[in-house]
Amino acid sequence: MIAQSLYDFDRELLLLLNGSDSAVMDNFMFVLTSGTTWIPLYAVLMYIVVKNNETMSQILLIVGCSALCIFLADGVADFIAKPYFQRWRPSNDPMLKYTIAIVEGVRGSDYGFFSAHAANTFSLALFFSLLVRSRLMTTLMVGWSLLNCYTRMYLGLHYPGDILCGLLWGSIAGAIAYLVYLKVYYRISPHIKYISSQYTSSGYNLSDINTVVLTFLLILIYALFRALIMV
């Protein structure tokens, strides 16, 4: 009875978040949900890592831990949770798929519990927030993850419950990756805490964080432009 009530609430909440009467908004969400749209953000994150770390071993450690985030988040979502639980995506759910809004005919794979988009993005968001130690960076990265999560519900590809569980697992994956980072980092680097108006406590230049913010805003502008020309 409780499970059915939760399912009903999940479905009703999805219907509130799914789709709109705007073709521009449909296209905007469709562009934002694509991984390729965010390649410039990944590139600028790599840029600040290279610029703000002194040795190749430090850089490779961060790259490796970022990869660990994805390995844990995506691996568990796509290769364990989805095959095991076999919960239909809303876009493929026989009880719902003809009543929700679908954009560009995209319905995704059969199963959607839990969301790999939510897990992947939030694991990276948490890892980089802990790594850089900037309130602005944390706000940006968490906002980026939640925006990706919203696109999945807007497009009818995930229930809110799929997203919530993806966020929970993503937080665990990101925390594990950061703990691994700390354990290895303190073996190869000195314990330094930066106290400066130009750097975060972990040694990242504040102006470089502004570059990440600018890149994020430019991606949003690009996505809006794409959405307009697709109408």
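Data block above holds the structure.
A brief structural summary. All of these numbers come straight from a predicted model, not from anything done at the bench.

1. Observations concerning the nonpolar core
For step 1, the next point in the chain: With 41 residues, the main nonpolar core has Phe127, Phe128, Met137 and Tyr181 as its most contacted residues.
For step 2, the next point in the chain: Sorting the residues of this core by element identifies α2 (23–32), α3 (39–51), α4 (56–85), α5 (116–132), α6 (135–154), α7 (160–188) and α8 (206–230) as the ones contributing at least two each.
For step 3, the next point in the chain: Excluding its chain neighbours within four sequence positions, the residues that come into contact with Phe128 are Leu45, Val49, Ser66, Arg133, Met137 and Met141.
For step 4, the next point in the chain: One finds Phe122, Cys149, Met153 and Tyr159 within the second-largest nonpolar core, a separate group that totals 10 residues.

2. As for the packing of aromatic side chains
For step 1, the next point in the chain: A complete count under the given rule lists 15 aromatic pairs for this structure.
For step 2, the next point in the chain: Taking 5.4 Å as the distance between ring centres and 45° as the angle between the ring planes, the aromatic pair formed by Trp88 and Tyr111 counts as tilted. On the criterion of sequence distance, the pair formed by Trp88 in the loop between α4 and α5 and Tyr111 in the loop between α4 and α5 is long-range, its members being 23 residues apart.
For step 3, the next point in the chain: Since its relative accessible area comes to 33%, Trp88 is described here as partly exposed.
For step 4, the next point in the chain: Ring geometry for Phe127 versus Tyr178: centroids 6.4 Å apart, planes at 70°, classification edge-to-face. Of this pair, Phe127 sits in helix α5 while Tyr178 is found in helix α7, placing the two residues 51 residues apart along the sequence.
For step 5, the next point in the chain: We classify Phe127 as buried; its relative accessible area is 0%.
For step 6, the next point in the chain: The class for Tyr178 is buried, based on a relative accessible area of 10%.
For step 7, the next point in the chain: A connected cluster of aromatic rings, assembled from ring pairs, spans Phe127, Phe128, Tyr178, Tyr181, Tyr185 and Tyr186.

3. Focus: a nonpolar patch on the surface
For step 1, the next point in the chain: A surface patch of nonpolar side chains, amounting to about 340 Å² of accessible area, comprises Ile172, Ile176, Val180, Val184 and Ile188.
For step 2, the next point in the chain: Mapped onto the elements of the fold, Ile172 is located in helix α7.

4. Considering unusual backbone geometry
For step 1, the next point in the chain: Here the residue pair Phe113 and Phe114 is connected by a cis peptide bond, since its omega of 0° sits within 30 degrees of zero.
For step 2, the next point in the chain: For Phe114, the location among the structural elements is in the loop between α4 and α5.
For step 3, the next point in the chain: Positive phi outside glycine occurs at Gln86, with the angle close to 50°.
For step 4, the next point in the chain: Position of Gln86 relative to the elements: it lies in the loop between α4 and α5.

Calculation notes
- Residues numbered from 1 in each chain as written.
- Predicted model: local features only at pLDDT ≥ 70, side-chain atom pairs only at ≥ 80, totals over all residues.
- Heavy atoms only, no water.
- Core = buried A, V, L, I, M, F, W, Y, C linked by side-chain atoms within 4.5 Å.
- Buried < 20%, exposed > 50% of the residue type's maximum accessible area, 1.4 Å probe, protein only.
- Helix = DSSP H or I, 4+ residues; strand = E, 2+ residues; numbered from the N terminus.
- Contact = heavy atoms within 4.5 Å.
- Phe/Tyr/Trp six-rings, centres within 6.5 Å; stacked < 30°, edge-to-face > 60°.
- Patch = residues over 30% accessible without salt bridge, like charges linked within 9 Å, V, L, I, M, F, W, Y side chains within 5 Å.
- Areas by Shrake-Rupley, 256 points an atom, 1.4 Å probe, with all protein chains shown as cover.
- Salt bridge = Lys/Arg side-chain N within 4 Å of Asp/Glu carboxyl O.

Just distances and angles here, no functional claims.
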